[in-house]
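Observations on the model geometry
Listed below are the residues making up each chain.
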Protein chains: 2
Amino acid sequence: MENEIKTKVVGINVTSSVTLIALVDIRGNILAKDTLKTTDYPNVNGFVEALAEHIMLLSEANGGYQTIRSVGISAPSANFVTGCIENAGNMPWKGIIPLAAMLRDSIGLAVALGNDAHVSALGESVYGYAHGMNTFIIVTLGRKGVGSGFFAYGQPHLGADGFAGEIGHCCIDVNGRPCNCGRKGCLERYVSIQGILQTAREMLEQTDHPSLLRSAGELTIEQLKTCADHGDELAREVWNVAGTTLGISLANYATVVNPEAVILTGELLEHAKWMMAPMEKSFYDSLFHNIRSTIRLLVSPINNSDRDVLGASVLAWKVKEYSLFK
Amino acid sequence: MENEIKTKVVGINVTSSVTLIALVDIRGNILAKDTLKTTDYPNVNGFVEALAEHIMLLSEANGGYQTIRSVGISAPSANFVTGCIENAGNMPWKGIIPLAAMLRDSIGLAVALGNDAHVSALGESVYGYAHGMNTFIIVTLGRKGVGSGFFAYGQPHLGADGFAGEIGHCCIDVNGRPCNCGRKGCLERYVSIQGILQTAREMLEQTDHPSLLRSAGELTIEQLKTCADHGDELAREVWNVAGTTLGISLANYATVVNPEAVILTGELLEHAKWMMAPMEKSFYDSLFHNIRSTIRLLVSPINNSDRDVLGASVLAWKVKEYSLFK
């Protein structure tokens with residue numbers, strides 16, 4: 001009888017460069033992983049074929065297709081409600097891509113698709129610090145962008161069109177840096193890895209303060225951390241500015257949502273030691289007074305390489321709830 | 001048998017100056033109204049006694065106490081979850097005031113208490129344009145402040161502490177105008193009636209542009225509108241600045257919440273004809289691109305004098321849901 005119970009799901013994380021495929025069990029153990037280069041598939045039909053093939057190979061090597069219950073996909077600009085990737089800026093496929101329905105039809109398993117930020121929130125709610133929280137915010141500080149989602153009433157708040165939580169595209173300066181989205185001054189132009197490096201370049205150009213960064217050649221986020229470790233004042237000021245900017249934006253977000261916690265994730269955090277104290281200070285200084293003592297600012301315990309496939313695996317378990325498209 | 005069905009509720013709106021008490025029927029008809037001067041009651045016990053007395057008089061004149069089902073109260077800094085007014089800046093009673101439990105014990109009816117902004121949202125969801133919407137934002141542009149609440153999954157999003165939606169205390173300028181809340185640059189210091197008048201005074205002081213406002217003596221919002229009606233360029237620029245500031249903040253709010261609509265209410269709107277076009281332009285210009293075509297920016301159809309007691313009446317009907325305190 002036990003072999004009739006499907007005890008595994010497939011969690012897939014699609015990014016503009018790499019696609020990660022994982023077999024995950026009920027407790028969130030990642031049993032096996034595989035990768036595709038997203039850029040190898042300029043045509044989405046070829047991508048879906050390759051995904052299906054890799055899922056079959058992974059499942060055959062790990063108990064068989066009949067033990068797989070469902071598939072969850074995390075992708076940028078994806079929409080829970082429609083199961084489509086919609087006008088993703090950096091992806092090889094333009095326009096509206098019904099990825100969930102295409103993979104379902106190809107592989108014969110139920111498939112749910114979600115926005116990477118909302119899927120991260122799902123993962124955090126089951127396998128991270130948000131376990132047991134009804135209302136929380138998760139913010140992913142990445143290389144190019146800042147993603148986010150929040151929970152309301154114990155569920156991801158999708159919003160009317162499935163695009164809630166886009167804190168990275170909130171405007172902090174109408175005359176600010178141009179953003180890929182077509183506007184100016186979006187938060188992610190300042191507090192992503194790329195944004196922070198731009199702040200550093202601007203400070204180097206606009207001042208003549210001595211700095212170890214001046215001899216660094218092509219600037220990297222690792223250098224920016226190392227120089228701050230060595231007491232470089234300009235490097236520390238870059239982190240200080242980023243932390244203050246982020247802290248205020250997170251406080252404004254939390255003042256509107258009133259969550260139990262704001263949970264931070266993403267690649268930037270691996271380098272952001274010198275950003276954390278100014279961020280925390282400006283966050284609590286800027287919060288609405290009645291909620292200042294109750295909201296926690298946390299760094300997610302889930303590591304960045306597993307986060308998205310784990311979140312996608314939660315989506316897969318909840319496939320009946322989230323695959324409402326035809 | 002029909003006289004056993006309780007067909008009326010009491011909706012109460014408490015403000016720092018006046019308290020409005022209304023008898024409301026199932027369809028939202030206001031059957032009778034009464035007022036108290038809040039400032040006449042420096043002690044909250046006296047206020048509760050007076051409220052109970054006025055409710056008894058109103059109900060005796062309109063079918064009797066036995067026809068009243070329950071009571072809903074809308075108040076600033078009130079908390080659905082605890083039934084208390086908590087540290088309200090402008091009210092005569094300081095600290096934590098368990099107003100709902102006090103009135104319930106005094107009058108023998110079920111009582112629910114809510115934050116004025118959330119209660120407005122409830123009213124809008126039953127008797128206004130938000131009827132049938134699952135996710136919407138309501139923003140009240142008042143004399144001193146800007147209140148707000150939003151719905152998620154067809155319910156007011158209260159947040160972890162019952163204080164969600166405080167867009168008026170989001171920071172738009174860390175070095176900006178001091179706010180009553182103790183911080184600087186809160187949105188309500190710029191787009192409330194008082195905030196807009198301050199912008200006008202600053203523009204008059206900082207420039208020597210000719211303006212009808214210069215001969216106006218003590219500046220009022222009515223004058224600011226009339227001068228703009230007469231083509232006064234400085235007055236129009238004041239409205240332009242307010243509209244642009246508000247539009248960006250509403251867009252950031254909507255980019256996070258992704259509502260079906262942003263619905264505006266409040267006393268400012270009675271005078272804000274010249275603010276509307278720049279507000280609408282900057283709102284749509286600043287929205288995240290994937291939701292730009294779907295979100296509606298609306299002015300509530302409910303008039304300002306009825307809004308709060310109507311919202312409080314909805315709270316009264318939902319008393320079983322919202323009076324969870326002991």
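Residues numbered from 1 in each chain as written. Chains lettered and ligands numbered in written order. Predicted model: local features only at pLDDT ≥ 70, side-chain atom pairs only at ≥ 80, totals over all residues. Heavy atoms only, no water.

Scanning chain A from N- to C-terminus turns up 10 helices and 13 strands. Taking 2.2 N^0.38 as the reference for a compact globule, 326 residues should give roughly 20 Å; the C-alpha atoms of chain A span a radius of gyration of 21 Å, in line with that estimate. Along the longest, intermediate and shortest principal axes, the C-alpha atoms of chain A span 70 × 45 × 35 Å. For chain A, with 326 residues in total, the buried portion stands at 58%. Sequence separation of at least 24 residues holds for 63% of the intrachain contacts in chain A that already meet a minimum separation of 6. For chain A, the accessible area works out to roughly 13,100 Å², and carbon and sulfur atoms hold 51% of it. (Helix = DSSP H or I, 4+ residues; strand = E, 2+ residues; numbered from the N terminus. Rg over C-alpha atoms; globule rule 2.2 N^0.38 Å. Buried < 20%, exposed > 50% of the residue type's maximum accessible area, 1.4 Å probe, protein only. Contact = heavy atoms within 4.5 Å. Areas by Shrake-Rupley, 256 points an atom, 1.4 Å probe, with all protein chains shown as cover.)

Burial of nonpolar side chains together is a common tendency in soluble globular proteins. Counting 99 residues, the largest nonpolar core has Met 275 of chain A together with Met 275 of chain B as the members making the most contacts within it. Once you skip the residues sitting within four places of it in the chain, Met 275 of chain A turns out to touch Leu 141, Ile 196, Trp 239, Ala 242, Gly 243, Leu 246 and Leu 268 of chain A. The next biggest cluster of nonpolar side chains, apart from the first, holds 34 residues, and it includes Val 14, Leu 99, Ala 100 and Ile 107 of chain B. (Core = buried A, V, L, I, M, F, W, Y, C linked by side-chain atoms within 4.5 Å.)

For Asn 115 of chain A, the position within the fold is in strand β8 (residues 110–115). Setting aside residues no more than four positions away along its own chain, Asn 115 of chain A makes contact with Ala 75, Ala 78, Gly 162, Phe 163 and Glu 166 of chain A.

Moving on, we get to helix α3 (residues 116–127) of chain A. Residues and elements named next belong to chain A. The end-to-end C-alpha separation of α3 is 16 Å, in line with the 16 Å expected for 12 residues at 1.5 Å each. Burial within α3 is extensive, with nine of its 12 residues counted as buried. Here α3 starts with a cap whose side-chain oxygen sits 2.9 Å from the backbone nitrogen of Ala 117, and that cap is Asn 115. (Expected span 1.5 Å × (residues − 1). Polar contact = N/O pair within 3.5 Å; in protein donor to acceptor, adjacent residues only side chain to side chain.)

Before going further, it helps to examine the packing of helix α7 (residues 233–257) of chain A against helix α8 (residues 273–286) of chain A. Residues and elements named next belong to chain A. Their axes nearest at 7 Å, the elements α7 and α8 cross at an angle of 35 degrees. Crossing hand, α7 versus α8: right-handed. Here the contact of α7 with α8 is composed, by residue class, of 12 nonpolar, seven polar and one charged. (Axes fitted to C-alpha atoms, helices over the stretch in contact; angles between N-to-C directions. Left-handed = near helix turned anticlockwise from the far one by under 90°. Nonpolar A, V, L, I, M, F, W, Y, C, P; charged D, E, K, R; others polar.)

Moving on, we get to the relation of the copies chain A and chain B. Laying chain A over chain B is done by rotating through 180 degrees and shifting 0.0 Å along the axis; what remains is an RMSD of 0.1 Å. Taken together, the turn and the small shift mark the pair as related by a two-fold rotation axis. Relative to the rotation axis, the closest C-alpha in chain A is found at Ala 152 of chain A, a distance of 3.5 Å. Taken together, the interface assignments show that 100% of the residues at the interface of chain A recur at the interface of chain B, consistent with an identical surface on both copies. (Least-squares fit on C-alpha atoms with pLDDT ≥ 70 in both.)

Okay, the environment of Tyr 253 of chain A next. Its location among the elements puts Tyr 253 of chain A in helix α7. Counting along the chain gives 209 residues from Tyr 253 of chain A to Val 44 of chain A, while the straight-line C-alpha distance between them is 35 Å. With sequence-adjacent residues up to four places away left out, Tyr 253 of chain A is seen in contact with Ile 137, Val 139, Ser 148, Gly 149, Phe 150, Gly 165 and Ile 167 of chain A together with Val 256 of chain B.

Bringing unusual backbone geometry into the picture now. Peptide bonds are, in most cases, trans, and in most cases residues other than glycine have a negative phi. All names here are of chain A. Even without being glycine, Ser 77 reaches a positive phi, approximately 55 degrees. Take Ser 77: it is sitting in the loop between β4 (68–75) and β5 (78–79). At Tyr 153, a residue that is not glycine, the phi angle is positive and equals roughly 50 degrees. Inspection of the secondary structure puts Tyr 153 in the loop between β10 (146–152) and β11 (155–156). Under the relative-accessibility criterion, Tyr 153 is labelled partly exposed at 31%.

This part covers the interface of chain A and chain B. Contacts between the two partners involve 45 residues from chain A, matched on the other side by 45 residues from chain B. Linking chain A with chain B are 18 residue pairs in polar contact (both at pLDDT 80 or more), by the criterion used here. Breaking the side of chain A that touches chain B down by element, the ones donating at least two residues are β10, β11, α7 and α8 of chain A. Take the side of chain A that touches chain B: its biggest share by element is six residues, from α7 of chain A. Along the lines of polarity and charge, the residues of the side of chain A that touches chain B split into 22 nonpolar, 16 polar and seven charged.

Our focus in this paragraph is the pairing of strand β1 (residues 8–14) of chain A. Residues and elements named next belong to chain A. Along β1, seven of the seven residues are buried, which leaves the element largely enclosed by surrounding structure. The alternating pattern of β1 places Lys 8, Val 10, Ile 12 and Val 14 and Val 9, Gly 11 and Asn 13 on opposite faces, both of which are buried. Two elements, β1 and β4, share five bridges in a ladder whose sense is parallel. Bridging from a neighbouring strand, Asn 13 pairs with Ser 74 of β4. Two elements, β1 and strand β2 (residues 18–25), share seven bridges in a ladder whose sense is antiparallel. Each residue of the ladder has a partner; that of Ile 12, found in β2, is Ile 21. The loop that links β1 with its antiparallel partner β2 comprises three residues. (Pairing = 2+ DSSP bridges.)

Going through the model one piece at a time under the given rule, you end up with 13 aromatic pairs over all chains. Site record: aromatic cluster; members linked through ring pairs are Phe 150 and Tyr 253 of chain A together with Phe 150 and Tyr 253 of chain B. In this structure, Arg 236 of chain A packs its charged tip against the face of Trp 274 of chain A, placed 3.9 Å from the ring centre. (Phe/Tyr/Trp six-rings, centres within 6.5 Å; stacked < 30°, edge-to-face > 60°. Lys NZ or Arg CZ within 6 Å of the ring centre and 35° of its normal.)

Strand pairs in the sheet, formed through backbone hydrogen bonds, run parallel or antiparallel to each other. Strand order in the open sheet made by the three strands is β5-β6-β7 (chain A), with antiparallel pairing throughout. Whereas interior strands pair on both sides, the edge strands pair on one side only; in this sheet they are β5 and β7 (96–97) of chain A.

Turning our eyes to something else, we now look at the pairing of strand β12 (residues 261–265) of chain A. The side chains of a regular strand alternate, first on one face of the sheet and then on the other. All names here are of chain A. By the criterion of burial, β12 is predominantly enclosed, with five of the five residues buried. Summarising the sheet, strand β9 (residues 136–141) and β12 pair through five bridges and their orientation is parallel. In the sheet register, Ile 138 faces β12, and the bridge partner there is Ile 263. Bridge count for β12 against strand β13 (residues 296–299) is four bridges, and the pairing is parallel. Within β13, the residue paired with Ile 263 across the bridge is Leu 298.

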